Amino acid sequence: MASLIAILDLKGKPLIQRSYRDDVPPSYIERFLPIVLDLEEEGQQVTPCFTREGVNYMHIRHSNLYLLALSKRNSNAAEIILFLHRLVQVLVEYFKELEEESIRDNFVIIYELLDEMMDFGYPQTTESKILQEYITQESYKLEAQVRPPIAVTNAVSWRSEGIRYRKNEVFLDVIESVNLLVNSSGNVVRSEILGSVKMKCYLSGMPELRLGLNDKVMFETTGRTARGKAIEMEDVKFHQCVRLARFENDRTISFIPPDGEFELMSYRLSTPVKPLIWVEAAVEHHKGSRVEYMVKCKAQFKRRSSANNVEIYVPVPDDADTPKFRASTGTVQYAPDKSAFIWKIKQLGGSREFLMRAHFGLPSVRGEQDSMDKRAPITVKFEIPYFTVSGIQVRYLKIVEKSGYQALPWVRYITQNGDDYSLRTALEKTSAPIVPMM
Ligand SMILES: *[C@@H]1O[C@H](CO)[C@@H](O)[C@H](O)[C@H]1NC(C)=O
């Protein structure tokens, strides 16, 4: 029995680790190599198993890696060493070559394998043939997996027994809302992403679900380093069904879902975001008589995405009248109750740019550009499907129920405006009144 399995590089740094029992803190992993180096310095032979300060270290070497198991009990060392060899065998069968690089490239799948191959420190399935039935190399391709029955013994307060569906389905929506403020110089002065993972579960019985996110996701307080740009989540909140102890231990989101609709988790990211939809306006006041707008909107996301139901609200003076509009795409309407006009674009393709012009009459003669600074900003509403601005992605959603039914998971992504997506990018200027010739 092992409390922890880790794969280390030659410097003794853990590349990946999985705790199965919490009696050996992960900090012991880093003590392993110094002990080995000490032994070598003293001219002693380094044995596969040794004990220091009551912790048993069991390891094997493979190419430029150490595979290490730690335990605190009187474990069957031969069994663990055998397990480590089987682990190498399985990983080689999955990735052909097992080295530092292949671990970094297949972080999620190795995690999944570690999960399947050992339970609570006891070796389980180590046959790669069997494992490949559950865990496929393209595990980012979503799939519903059926596992051997597991007993769910503890009572679950948020789900009743005996739920039955003819068709077992799960819908998962990852929704990200972007709030930002662009100042009049065009700089983003405030931005945040509010994320929500919503589910609709139509599943029979007492299903066990496990959600795997991409390895770029880092939850606050994890010391793990991911490759590339990490997604650092803050304020992560889970539905009560998520096993928090499990999450704290190994970042696995596992749960027995309530029936029907619920929010599984929410999060916030305060990383700066570039405005996905950029809008700027040139406003020309012809003193006391009329005002003209030239509005430019630009989709600042990849060409393969597009934004739906874009609505751009451009504020105008309260008493503006006799509107005239001309737009290169979409439709424009005046909303006097909102003191704005709304430019609606049903579908805005990535990297596309459009212009529109508006003209209003101004009946009352006003003072020197009164309250120009207090003018409301331009606001934008939009939805971009199949896209998350944070880069979060669902790698797998496993559904296991003891009756062994097949269930279909559906995943959708959407990025949309939050309550406050504002741009103070209307540049106003007043043209001199035309002075009649004497
Ligand atoms: C806009 O924000 C940038 C960066 O914070 C700042 O340097 C600039 O002065 C701001 N412009 C205005 C008009 O406030």
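Residues numbered from 1 in each chain as written. Predicted model: local features only at pLDDT ≥ 70, side-chain atom pairs only at ≥ 80, totals over all residues. Heavy atoms only, no water.

An unreviewed UniProt entry lists the protein under the name Clathrin adaptor mu subunit, with Wolfiporia cocos given as the organism. According to UniProt, the comment filed for the protein under the heading Sequence similarities (unreviewed entry) is "Belongs to the adaptor complexes medium subunit family." We quote the UniProt Subcellular location (unreviewed entry) comment for the protein here in full: "Cytoplasmic vesicle, Clathrin-coated vesicle membrane". (UniProt positions renumbered as here; feature names shortened; annotations may be inferred.)

> Would you mind going over the overall build of the protein with me for this structure?
Across its full length, the protein holds six helices and 25 strands. Burial statistics for the protein: of 438 residues in total, 49% are counted as buried. Considering only contacts in the protein between residues 6 or more positions apart, those separated by 24 or more positions represent 71%. Of the roughly 22400 Å² that the protein leaves accessible, carbon and sulfur atoms contribute 49%. (Helix = DSSP H or I, 4+ residues; strand = E, 2+ residues; numbered from the N terminus. Buried < 20%, exposed > 50% of the residue type's maximum accessible area, 1.4 Å probe, protein only. Contact = heavy atoms within 4.5 Å. Areas by Shrake-Rupley, 256 points an atom, 1.4 Å probe, with all protein chains shown as cover.)

> Explain the nonpolar core to me, please; I cannot follow it from the model alone.
Soluble globular proteins tend to pack their nonpolar side chains together in the buried interior. Met-199, Ile-253, Phe-255, Leu-264, Ile-277, Tyr-293 and Phe-341 are the most contacted members of the largest nonpolar core, which totals 72 residues. Here this core gets six residues from one element, more than from any other, and that element is strand β8 (residues 169-182). When residues no more than four places from it in sequence are discounted, the contact partners of Leu-264 are Val-197, Met-199, Leu-211, Lys-237, Phe-238, His-239, Cys-241, Val-242, Ile-253 and Phe-255. Ranked by size, the runner-up nonpolar core spans 34 residues in total, among them Ile-16, Ile-60, Ile-80 and Val-90. (Core = buried A, V, L, I, M, F, W, Y, C linked by side-chain atoms within 4.5 Å.)

> What exactly am I supposed to notice about the pattern of salt bridges here?
A side chain with one charge can pair with a side chain of the opposite charge if their charged atoms come near. Scanning the entire structure with this criterion turns up 19 salt bridges. Glu-169 is the salt-bridge partner of Lys-167, the closest N and O atoms lying 3.7 Å from each other. Several salt bridges share partner residues, and in doing so they unite Arg-18, Glu-112, Asp-115, Glu-116, Arg-210, Arg-246 and Lys-398 into one network. (Salt bridge = Lys/Arg side-chain N within 4 Å of Asp/Glu carboxyl O.)

> Even after reading the chapter, I still don't get the side chain of Ser-305, so can you show me in this structure?
Within the element layout of this structure, Ser-305 appears in the loop between β16 (290-299) and β17 (306-315). Once residues lying within four places of it in the same chain are set aside, the contact partners of Ser-305 are Gly-349, Gly-350, Ile-384 and Phe-387.

> Even after reading the chapter, I still don't get the packing of aromatic side chains, so can you show me in this structure?
Pairs of aromatic rings are described using the distance from one ring centre to the other and the angle between the two planes. On inspection of all chains with the given rule, the structure shows 17 aromatic pairs. In this structure, Arg-31 is placed above the aromatic ring of Tyr-28, and the distance from its NZ or CZ to the ring centre is 4.2 Å. (Phe/Tyr/Trp six-rings, centres within 6.5 Å; stacked < 30°, edge-to-face > 60°. Lys NZ or Arg CZ within 6 Å of the ring centre and 35° of its normal.)

> Honestly, the pairing of strand β20 (residues 340-349) in this entry has me stumped. Any pointers?
The side chains of a regular strand alternate between the sheet's two faces. Direction of pairing for β17 relative to β20: antiparallel, over a ladder of nine bridges. Following the sheet pairing, Ser-306 is matched in β20 by Gly-349. Relative to β20, strand β19 (residues 331-335) runs antiparallel, the two being bridged by five bridges. Each bridged residue has a counterpart across the sheet, and for Tyr-334 the counterpart in β20 is Phe-341. What sits between β19 and β20 in their antiparallel hairpin is a turn of four residues, with Ser-339 showing a positive phi close to 50 degrees. (Pairing = 2+ DSSP bridges.)

> I tried to follow the packing of helix α2 (residues 77-95) against helix α4 (residues 107-117) on my own but got confused; where do I start?
Helix-helix packing is described using two parameters, namely the angle between the two axes and the distance between the axes. Axis separation between α2 and α4 bottoms out at 12 Å; the angle between their running directions is 140 degrees. Between α2 and α4, the angle is such that the two are oblique. Crossing geometry of α2 relative to α4 is assigned as right-handed. The segment α2 lies against α4, with Phe-83, Arg-86, Leu-87, Val-90, Leu-91, Tyr-94 and Phe-95 engaging Ile-109, Ile-110, Leu-113, Leu-114 and Met-117. (Axes fitted to C-alpha atoms, helices over the stretch in contact; angles between N-to-C directions. Parallel < 35°, antiparallel > 145°, perpendicular 65-115°, else oblique. Left-handed = near helix turned anticlockwise from the far one by under 90°.)

> What am I meant to see in the site of the ligand here?
Around the ligand, the surrounding shell consists of Asn-183, Ser-184, Ser-185, Asn-187 and Val-189. Within the side chain of Asn-183, one N or O atom sits 2.3 Å away from an oxygen atom of the ligand. In this structure, a nitrogen atom belonging to the ligand sits 2.5 Å away from a side-chain N or O atom of Ser-185. Residues belonging to the shell around the ligand are distributed by class as follows: one nonpolar, four polar and no charged. (Near = heavy atom within 4 Å. Polar contact = N/O pair within 3.5 Å; in protein donor to acceptor, adjacent residues only side chain to side chain. Nonpolar A, V, L, I, M, F, W, Y, C, P; charged D, E, K, R; others polar.)

> Honestly, α4 in this entry has me stumped. Any pointers?
Residues that lie three or four places apart on an α-helix share one face, since the helix turns once every 3.6 residues. Buried residues dominate α4, accounting for eleven of its eleven residues. Those residues of α4 that fall on the buried side of the exposure criterion are Phe-107, Val-108, Ile-109, Ile-110, Tyr-111, Glu-112, Leu-113, Leu-114, Asp-115, Glu-116 and Met-117.

> Help me understand helix α1 (residues 32-41) in this model?
Among the residues of α1, Phe-32, Leu-33, Ile-35, Val-36 and Leu-39 are the ones counted as buried. Mapping the buried residues of α1 onto a view down its axis gives an arc of 160 degrees, with all of them on the same face. Contact partners of the buried residues in α1: β1 (4-8), β3 (49-52), β4 (55-62) and β5 (65-71). In the stretch just after α1, Gly-43 is the one whose phi turns positive, near 70 degrees. (Arc of directions from axis to C-beta.)

> Which parts of the structure should I look at to understand the sheet that holds strand β2 (residues 14-19)?
The pairing of strands in a sheet comes from backbone hydrogen bonds and takes either a parallel or an antiparallel form. Read across the sheet, five strands follow the order β2-β1-β5-β4-β3 without closing on themselves; strand pairing throughout is antiparallel. With partners counted over all chains shown, the strands left at the sheet margins are β2 and β3, one partner each. Going from strand to strand, the sheet's axes swing by 20 degrees on average, the running direction of each strand aside. In this structure, β1 lies alongside β5, joined through five bridges in antiparallel fashion. Paired with Ala-6 across the strands is Leu-68, a residue of β5. Each of β1, β3, β4 and β5 touches α1; the most contacted strand, β3, lies at about 105 degrees to it. Docked against the sheet, α2 engages β1, β3, β4 and β5, running at close to 35 degrees with respect to β4.

> Please clarify how the sheet that holds strand β13 (residues 253-255) should be interpreted in this entry.
Taken in spatial order, the three strands of this open sheet run β13-β10-β23, and their pairing is antiparallel. At either margin of the open sheet sits one strand with a lone partner, and together these are β13 and β23 (394-400). Here the strands of the sheet are splayed against their neighbours by 10 degrees on average, with no regard to which way each runs. Examined bridge by bridge, strand β10 (residues 208-213) and β23 share six bridges and lie antiparallel to one another. Each bridged residue has a counterpart across the sheet, and for Leu-211 the counterpart in β23 is Leu-397.

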